[in-house]
Amino acid sequence: MIEVLLVDDETYVTESLELTIPWEEIGVSTVRRAASGAEALRIMEEEAVDLVVTDIRMPGMDGLQLVEEIGRRWPRVRCMLLTGHSDFDYAKKALQLRASDYILKPVDDAEFVASVSEAIDSLREEWDEFDKVHRLLYSRKSDYKVLRENLLHELLLGRELGGRALEEQLDAYELPLRPGRPTLMLLARLEGRFASMDAPSLELMDFAAGNIAEEVLRGQPLWYGSGPHGCLVLLLQPSEADGGLALEETACGLDRRLDKLGEHVRLYLKGEISLAVSTVFELGGGGPAAAYRRTLGALYAAGMGGRTVYADLRAAEAGEAVSDSAGLAAGEGRGSVAEAMYAPPTLLHLLESHQWEEAGAKMAGVFDAAERAGLAGPPMYEIYLWMTNAFLFISHREGQPVGELGGEEGFDPVLARGLVQHPQRLRSWGVRLLDGLAEQMSQSGGEGRSKIASRVRQLVGAGLDGDLSVKTLADQVYLHPVYLSKIYKAETGEALGDYIIRMRMERAAHLLKNSPKKIYEITGELGYQNPQYFSKMFKKQYGMTPNEFRDS
């Protein structure tokens, strides 16, 4: 309902208007009166007023000055002017002040009601528009939450985005982090009373814990969201003032703010929180996924109990170099396991292209290498995370609920520890997960676009070292190149040309890190004729040249 304020130093005018106008019929709930401009401002400071009807000629502050002051302090309030003088200068000034109407005394009731009704209709239209914009903004923010979480999951589960592509997405989703900058990852697991909560309640608690973290860690760019393994993930970058120094101190256990974070969770959320802190890495490329594997492994290995563990310190205590393979590269036996895991074609690519037998063979090869190396206990976390990251990523992309694949216990932090302690149980769980995914994907429609996209992925995986293009792929699936591109983009959300380049660059990155081949040799092996063009494409994907990547 509308609230109106009548202002005139001749009080009989405002009394008459208050008593004779059918206010309720035109949608007015409250009518107030003031005898001067100063009194009107005092009322407006204390009450919600929507429409002011004021005389022009008043002692002290006149009506035009009052309207001007209202426009400055309450720009959404409508104003109407009353006057006994049809002076053009007054009317001109009223128009300049954007008054709703200019009414001559003596007031004609019908004319007055029509004028007030028009002002009320204008107010309501503005409110409706404002409400519509507000709803759109709210919807946009809700969409941002989903988009941000999707991006976070993709980065943590292995999708590598070049600097420019990542920067565009960070800007589009209004995230404060920058690609290429030093970054620290905190994984937070809510414990205690949170263990008995359902999924919506836990999501709310994650949100509350993230808000607490924003307050405790304020002053530094922060992005938080629910991670794919049920933990709260916080990505932290240094403020402009302190560079990367503050992150190094946090990674080494010298940041007392993390103790404060745990205290605030206990105080305000009445529960415990376990934290795992990563080493410092650069945001972009494979950095987030590698840091996530190491840090999640540290969190799982630490068990429950509201503890804080540091991936950097764990590696130092174990005498291991911190690397992308979370320590598996230390020693000849472990090196063979890492090579079996990360050599192309990756497990993720095999799952994407629905090559179930090949994926099973790759997993078996990794477990056989681990058995020969005598791995058990905490070192098996890398294999566990290598598998779950791939399965979660493909489940996320294909829209297949991972909880329905079988072996749900593997995604529970407590039960997962039991799997890791017994390599044979972990192997059986992985096979069960693979069989569940294969069956689920076949039931969801293996024909049509999905089958074509799957066949294209197989061809790309087999043809990275040959003449590979959208046209050659289209020829092999008997479709026009344009039509094939549309089908693939509609099915996967990624342009076919971009997918070909991404897979080639992933192969190039592996060769740069794991082979002594020259840049020009890798260029030719991947089907590029021009090393300069290859370097340009590689830098676009990873934010650095092939030489810089090899030396990093």
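Residues numbered from 1 in each chain as written. Predicted model: local features only at pLDDT ≥ 70, side-chain atom pairs only at ≥ 80, totals over all residues. Heavy atoms only, no water.

## Digging into the overall build of the chain
So, point 1. Helix and strand content of the chain: 24 helices and 11 strands.
So, point 2. Burial analysis of the chain (552 residues in total) assigns 48% to the buried set.
So, point 3. Sequence separation of at least 24 residues holds for 69% of the intrachain contacts in the chain that already meet a minimum separation of 6.
So, point 4. Looking at the chain as shown, the accessible area adds up to about 26,200 Å², and 51% of this sits on carbon and sulfur atoms. (Helix = DSSP H or I, 4+ residues; strand = E, 2+ residues; numbered from the N terminus. Buried < 20%, exposed > 50% of the residue type's maximum accessible area, 1.4 Å probe, protein only. Contact = heavy atoms within 4.5 Å. Areas by Shrake-Rupley, 256 points an atom, 1.4 Å probe, with all protein chains shown as cover.)

## Comments concerning the nonpolar core
So, point 1. Residues Met185, Trp223, Leu235, Leu351, Ile383 and Met387 are the most contacted members of the largest nonpolar core, which totals 61 residues.
So, point 2. Considering each element in turn, this core owes the most residues, 11 residues, to helix α15 (residues 381–398).
So, point 3. The residues touching Leu235, leaving out its near neighbours within four places in the chain, are Leu152, Leu177, Thr183, Leu184, Met185, Pro221, Leu222, Trp223, Phe281 and Leu283.
So, point 4. Counting residues in hydrophobic clusters, the runner-up holds 26 residues, among them Leu186, Phe194, Ala213 and Val277. (Core = buried A, V, L, I, M, F, W, Y, C linked by side-chain atoms within 4.5 Å.)

## Quick look at the packing of helix α21 (residues 496–514) against helix α23 (residues 531–542)
So, point 1. Between α21 and α23, whose axes approach to 10 Å, the crossing angle comes to 95°. Taken as axis vectors, α21 and α23 run roughly perpendicular relative to one another. Facing α21, whose interface residues are Ile501, Arg502, Met505, Glu506, Ala508, Ala509 and Leu512, α23 presents Phe534, Met537, Phe538, Gln541 and Tyr542.
So, point 2. Tallied by class, residues from the contact of α21 with α23 come to 9 nonpolar, 1 polar and 2 charged. (Axes fitted to C-alpha atoms, helices over the stretch in contact; angles between N-to-C directions. Parallel < 35°, antiparallel > 145°, perpendicular 65-115°, else oblique. Nonpolar A, V, L, I, M, F, W, Y, C, P; charged D, E, K, R; others polar.)

## Overview of the confidence of the model for the chain
So, point 1. Chain-level statistics for the chain give a pLDDT mean of 79 and a share of 81% at 70 or above.
So, point 2. Below pLDDT 50 for its whole length, residues 314–327 participates in 23 contacts with residues either more than four positions away or in separate chains. (pLDDT = per-residue confidence, 0-100.)

## What about the packing of aromatic side chains?
So, point 1. Going through the model one piece at a time under the given rule, you end up with 7 aromatic pairs.
So, point 2. Ring centres 6.0 Å apart and planes at 90° place the aromatic pair Trp23 and Phe112 in the edge-to-face group. Note that Trp23 is positioned in the loop between α1 (11–20) and β2 (28–34) and Phe112 in helix α5 (residues 109–156), a separation of 89 residues in sequence.
So, point 3. On the accessibility criterion, Trp23 (6% relative accessible area) is buried.
So, point 4. Judged by its relative accessible area of 0%, Phe112 falls in the buried class.
So, point 5. With a centroid separation of 5.8 Å and an interplanar angle of 35°, the aromatic rings of Tyr384 and Trp429 are classed as tilted. Of the two residues, Tyr384 is situated in helix α15 and Trp429 in helix α17 (residues 423–443); the sequence distance between them amounts to 45 residues. Residue Tyr384 shares its accessibility class with Trp429, and that shared class is buried.
So, point 6. Here the aromatic cluster, defined as three or more aromatic residues joined through ring pairs, consists of Phe534, Phe538, Tyr542 and Phe549.
So, point 7. Across the ring face of Phe549, the terminal group of Lys513 is positioned such that the distance to the ring centre comes to 5.1 Å. (Phe/Tyr/Trp six-rings, centres within 6.5 Å; stacked < 30°, edge-to-face > 60°. Lys NZ or Arg CZ within 6 Å of the ring centre and 35° of its normal.)

## Section: helix α14 (residues 356–373)
Along an α-helix, residues three or four apart share an orientation, since each turn contains 3.6 residues.
So, point 1. For α14, with 18 residues, the first-to-last C-alpha span of 26 Å sits near the 26 Å given by 1.5 Å per residue.
So, point 2. Considered for burial, the residues of α14 that qualify are Ala359, Lys362, Met363, Val366, Phe367, Ala369 and Ala370. Here the buried residues of α14 occupy an arc of 155° about the axis, which is enough to place them on one side. The exposed residues of α14 that point more than 90 degrees off its buried face are Glu357, Glu371 and Arg372. (Expected span 1.5 Å × (residues − 1). Arc of directions from axis to C-beta.)

## Notes on unusual backbone geometry
So, point 1. At Glu174, a residue that is not glycine, the phi angle is positive and equals roughly 55°.
So, point 2. With a phi angle near 60°, Lys270 is a residue other than glycine that sits in the positive phi range.
So, point 3. Relative to the helices and strands, Lys270 resides in the loop between α9 (257–269) and β9 (272–277).
So, point 4. Look at Lys270 and you get exposed, because its relative accessible area is 57%.

## Describing the environment of Leu5
So, point 1. Following the sequence through the fold, Leu5 ends up in strand β1 (residues 2–7).
So, point 2. Sequence-wise, Leu5 and Met44 are 39 residues apart; in three dimensions their C-alpha atoms are separated by 8.6 Å.
So, point 3. Discounting chain neighbours no more than four positions away, the residues touching Leu5 are Arg32, Arg33, Ala34, Ala40, Ile43, Met44, Val49, Leu51, Val52 and Val53.

## Quick word on the side chain of Glu494
So, point 1. Along the chain, Glu494 falls in the loop between α20 (481–492) and α21.
So, point 2. For Glu494, a relative accessible area of 8% puts it in the buried group.
So, point 3. Among the polar contacts made by the side chain of Glu494, one reaches the side chain of Arg502 at a distance of 2.9 Å. (Polar contact = N/O pair within 3.5 Å; in protein donor to acceptor, adjacent residues only side chain to side chain.)

## Comments concerning the pattern of salt bridges
So, point 1. Under the defined criterion, the tally for this structure stands at 19 salt bridges.
So, point 2. Here Arg502 ties to Glu506 by a salt bridge, and the two come within 3.3 Å at their closest N and O atoms. Taken together, the positions of Arg502 and Glu506, both in helix α21 and 4 residues apart, correspond to about one turn of that helix. For the pair shown, Arg502 and Glu506 are each scored as buried.
So, point 3. Several salt bridges converge on common partners, so that one network encompasses Glu45, Glu69, Arg72 and Arg73. (Salt bridge = Lys/Arg side-chain N within 4 Å of Asp/Glu carboxyl O.)

## As for a negative patch on the surface
So, point 1. Side chains of Glu118, Asp121, Glu125, Asp128 and Glu129 sit close together on the surface and give a patch of like negative charge.
So, point 2. Note that Glu129 resides in helix α5. (Patch = residues over 30% accessible without salt bridge, like charges linked within 9 Å, V, L, I, M, F, W, Y side chains within 5 Å. Lys, Arg positive; Asp, Glu negative; His and termini not counted. Charge placed at Lys NZ, Arg CZ, Asp CG, Glu CD.)

## Some thoughts on the environment of Glu160
So, point 1. Counting through the fold element by element, Glu160 comes out in the loop between α5 and α6 (163–172).
So, point 2. Counting along the chain gives 346 residues from Glu160 to Glu506, while the straight-line C-alpha distance between them is 8.5 Å.
So, point 3. Not counting residues within four places of it along the chain, the set of residues in contact with Glu160 comprises Gly285, Gly286, Gln541 and Tyr542.

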